2 protein chains.
Amino acid sequence: MSGPDDDRFDEFDWIEQDLKPLAEGAPEALGLVDDAAVIPARPGFDLVISKDAIVEGVHFLPDDPLDLVARKLLRVNLSDLAAKGAAPYGYFLAVAWPSDTTRADRRAFTEGLKADQAAFGLRLMGGDTVSTPGPFTASLTILGWIPTGALVRRDAARAGDVVLVSGTIGDGGLGLRAAQGTLPTLSDDEQLALADRYRLPRPRLGLGPALRVGAHASADVSDGLIADAGRIAAASGVRLTIDLDRTPLSASAKHWLDGQPDRLAGLIDLATAGDDYEIICTTPPDSVAPLRSAAALLGFELTEIGAVTDGVGVRAVYRGAETPITRAGYRHG
Amino acid sequence: MSGPDDDRFDEFDWIEQDLKPLAEGAPEALGLVDDAAVIPARPGFDLVISKDAIVEGVHFLPDDPLDLVARKLLRVNLSDLAAKGAAPYGYFLAVAWPSDTTRADRRAFTEGLKADQAAFGLRLMGGDTVSTPGPFTASLTILGWIPTGALVRRDAARAGDVVLVSGTIGDGGLGLRAAQGTLPTLSDDEQLALADRYRLPRPRLGLGPALRVGAHASADVSDGLIADAGRIAAASGVRLTIDLDRTPLSASAKHWLDGQPDRLAGLIDLATAGDDYEIICTTPPDSVAPLRSAAALLGFELTEIGAVTDGVGVRAVYRGAETPITRAGYRHG
């Protein structure tokens, strides 16, 4: 962000010119001219609501393009809906713009929202735009629908369940390092692909129907595989054992891991790095095959990485032996 | 806010110790341990949602007590529900805490939420807490219920309507100056009372049922009487004429106005100052009496301050003559 607003393009102009078109087709938004939005009850469905905030320099890099920042903000919230088995519906946005914001900054942010609204079938329904003497800060409240009572909770894992995780783990964390230029051992192509994973999560939305049928508990992996497994364990009153050898890795992550002097330390790095936005779920053994088939149809894998037993907390295993993990997951703070 | 976190009391501790109790009794919140909250459909009701953000140094003063900041954030959002005729239900909160936040800061903010949750019958249902290198920033997404289709919109004013406003106008703006110590002509008691009006708005929630029956259009007065009247006019495609002589004023505001060299300029100051959080509504003439009776039962007045006609925009009248207003209302930005 460089230079002050040209043409005195301020918050109100942004709403008029950029945001109102994002609410078109959503009668709930009342044209963004009212104090509130109104959501009609949908018989047979519950509304699922999640809210996440991002701060420049904390959750994204100051030179990250603002269209990608907007898309990441939407996708981080969509990932929460995905883990709960819900379908996207709409969102509310609050943005605090720094004083040196340009019209191009606002436009870029809008374009990111527009692209992902179309991709995920969402509409802007309301929010607030303010100025700040500090860094760019935004929060997004996302709404989704789920059949009544069908939300896949975090606290319902049971002893005897299998632990599954979608996609690959650790790419987000490696991608942050690639974006910061601190992954010199990988090729440029690998670094670009990883940085893209950091900047643009891929929420696993299509899995909802299968999750609602087959999973006992589910959560999204945002703070690291081990940390989020630990939260399922704590909420459910069970133990999750994660087999680090079975952590699904991308080709780039495997390449990075091969270059590490200590393979276990490298695996722990990946399993505690955060920003994966994959789904971790627990499921009875006979639901594993149908869930994996559903994922395969969507173009990604569900990998069996552990088991649920009586007990407390999360336990990591490497080459058959329990291994202590001190860094339980990246805390954005 | 002074000094860093003592005892390493961080965002996660804040959630555990302070926020989780605020979600007790709300099954929708899933104990704040899940990725999302789940809101069951309520047959016969629409959900009303509004979202507002505040930034330290922009929307409140850096030395404002954090319990009052929390209560103001809740009340600013409650005022939106009040204007729409909706009843409070729950809220989602995102807070970005500066690095020098103390445990006492977090506790004070929590205590403010707790007090107003109890006062207004609200429960915390979810949100996010992050750190920021910048100023304290927070956004709140509020949820309310309204009978299906009964939302009182901003865009439904009609020619022939009377314009009413609740309570008194200008106290919030004078209160800001009092809090900044720039109102030396008033007594200490008057300054304290006005500063309290700035720091602690009083959302006019009880009026909902009467508004839903009697009002055509309604909005809350947050950016100034003239600005918000202008938005009703623009949204509804009509003209609102506001009689500045009839602007309802508190005893302190009258006292302040009496000390102004130019009475009209003083009235315009009050009518464009913002932070009133009163309700402006338009209503057919035969609904004025029942609406005023409903307000009287709640302990405040509804004052007739103008009329709706065919035309465009807002028009201010003083002593029978139209008067131009260049400053259309305070823009927080």
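Just above, that's the structure.
Every value quoted in this text rests on a predicted model; they were computed, and no experiment measured them.

Caption draft 1: Structural context of the sheet that holds strand β1 (residues 37-40) of chain B. Read from one edge of the open sheet, five strands run β4(A)-β3(A)-β5(A)-β2(A)-β1(B), paired in mixed fashion. Of all the strands in the sheet, just β4 (123-132) of chain A together with β1 of chain B have a single pairing partner and so form its edges. Strand-to-strand twist across the sheet, computed as the mean angle between neighbouring axes with direction ignored, equals 20°. One ladder, built from nine bridges, connects strand β3 (residues 87-98) of chain A with strand β5 (residues 137-147) of chain A; its direction is antiparallel. Residue pairing in the sheet places Ala94 of chain A in a bridge with Ser139 of chain A of β5 of chain A. In the packing of helix α1 (residues 11-22) of chain A onto the sheet, the strands contacted are β3 and β4 of chain A, and the crossing angle to β4 of chain A comes to about 160°. Where helix α3 (residues 103-120) of chain A meets the sheet, its contacts fall on β3 and β4 of chain A, and the angle it forms with β3 of chain A comes to roughly 175°.

Caption draft 2: The pairing of β3 of chain A, seen in detail. All names here are of chain A. Along β3, ten of the twelve residues are buried, which leaves the element largely enclosed by surrounding structure. With nine bridges joining them, β3 and β4 adopt parallel strand pairing. The residue bridging Leu93 from the neighbouring strand is Gly127, located in β4. Regarding the hand of the β-α-β motif, the stretch spanning β3, α3 and β4 is right-handed.

Caption draft 3: Here's a closer look at the interface of chain A and chain B. Counting residues at the interface gives 59 residues for chain A and 59 residues for chain B. Together chain A and chain B conceal approximately 4,400 Å² of surface at their shared face, both sides included; 59% is due to carbon and sulfur atoms. On the chain A side of the contact with chain B, Asp35, Ile49 and Lys51 of chain A bury the most area, a combined 17% of that side's loss. On inspection of chain A and its partner chain B, the count reaches six salt bridges. Taking the shortest distance from any N to any O, the salt bridge between Asp35 of chain A and Lys84 of chain B comes out at 3.5 Å. Seen at the junction of chain A and chain B, the total is 26 residue pairs in polar contact (both at pLDDT 80 or more). Taken together, the residues of the side of chain A that touches chain B break down into 29 nonpolar, 13 polar and 17 charged. As defined by bridge partners, strand β2 (residues 45-55) of chain A adjoins β1 of chain B across four bridges and the pair is classed as antiparallel. By the bridge assignment, Asp46 of chain A is partnered in β1 of chain B with Pro40 of chain B.

Parameters and conventions
- Residues numbered from 1 in each chain as written.
- Chains lettered and ligands numbered in written order.
- Predicted model: local features only at pLDDT ≥ 70, side-chain atom pairs only at ≥ 80, totals over all residues.
- Heavy atoms only, no water.
- Pairing = 2+ DSSP bridges.
- Helix = DSSP H or I, 4+ residues; strand = E, 2+ residues; numbered from the N terminus.
- Axes fitted to C-alpha atoms, helices over the stretch in contact; angles between N-to-C directions.
- Contact = heavy atoms within 4.5 Å.
- Buried < 20%, exposed > 50% of the residue type's maximum accessible area, 1.4 Å probe, protein only.
- Right-handed = clockwise from strand over helix to strand, strands pointing away.
- Buried area = accessible area lost by both parts, 1.4 Å probe.
- Salt bridge = Lys/Arg side-chain N within 4 Å of Asp/Glu carboxyl O.
- Polar contact = N/O pair within 3.5 Å; in protein donor to acceptor, adjacent residues only side chain to side chain.
- Nonpolar A, V, L, I, M, F, W, Y, C, P; charged D, E, K, R; others polar.

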